[in-house]
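Close look at the chain arrangement
Okay, here's what each chain looks like letter by letter:
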Amino acid sequence: MENKYVKLFGFPIGFLLLGILFLILGANGDKIAISFSRPAGASSWTTSGSTIEAFTSVLLIIGISFQVLFISTFSIAFHNRQKNNH
């Protein structure tokens, strides 16, 4: 019985977890951009605002997209489960 639920709701839960991960990464996009733009062995460097904005925006957009995928796939799976119970 429990395996049926994992099979039915596995993809939606996966999308939810990926969405949360990307939203957390997007919230920390400035730190990620700074670490990616740092040259090897450099003691000082500058990171452009557009790089920081790109790392933040792209990761947040991906996270939101995964959340939308979670909502749609969960709704479909839940509807199918309800339809099969009646």
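From N to C terminus, the chain includes 3 helices and 0 strands. Along its sequence from the N terminus, the chain presents helices and strands in the succession α-α-α. Its C-alpha atoms give the chain a radius of gyration of 19 Å, more than 25% over the compact-globule value 12 Å for 86 residues. By residue count, 20% of the 86 residues in the chain fall in the buried class. A separation threshold of at least 6 residues defines the contact pool for the chain, and within that pool the share at least 24 residues apart is 74%.

Ranked by size, the top nonpolar core spans 6 residues in total: Phe15, Phe22, Ile32, Leu59, Phe66 and Phe70. Every element with two or more residues in this core is listed here: helix 1 (2-27) and helix 3 (49-85). Examining the composition of this core, we find that 3 residues originate from one element, helix 3, more than from any other.

Let us now look at the packing of helix 2 (residues 29-37) against helix 3. Following both chains from N to C, one finds helix 2 and helix 3 inclined at 130°, their axes separated by 8 Å at the closest point. Accordingly, the angle class assigned to the pair helix 2 and helix 3 is oblique. In terms of crossing hand, the pair formed by helix 2 and helix 3 is right-handed. Counted together, Gly29, Asp30, Ile32, Ala33 and Phe36 of helix 2 and Thr51, Ile52, Phe55, Thr56 and Leu59 of helix 3 form the full contact between these two elements. When the residues that make up the contact of helix 2 with helix 3 are grouped by side-chain class, the tally is 6 nonpolar, 3 polar and 1 charged.

Criteria and cut-off values
- Residues numbered from 1 in each chain as written.
- Predicted model: local features only at pLDDT ≥ 70, side-chain atom pairs only at ≥ 80, totals over all residues.
- Heavy atoms only, no water.
- Helix = DSSP H or I, 4+ residues; strand = E, 2+ residues; numbered from the N terminus.
- Rg over C-alpha atoms; globule rule 2.2 N^0.38 Å.
- Buried < 20%, exposed > 50% of the residue type's maximum accessible area, 1.4 Å probe, protein only.
- Contact = heavy atoms within 4.5 Å.
- Core = buried A, V, L, I, M, F, W, Y, C linked by side-chain atoms within 4.5 Å.
- Axes fitted to C-alpha atoms, helices over the stretch in contact; angles between N-to-C directions.
- Parallel < 35°, antiparallel > 145°, perpendicular 65-115°, else oblique.
- Left-handed = near helix turned anticlockwise from the far one by under 90°.
- Nonpolar A, V, L, I, M, F, W, Y, C, P; charged D, E, K, R; others polar.

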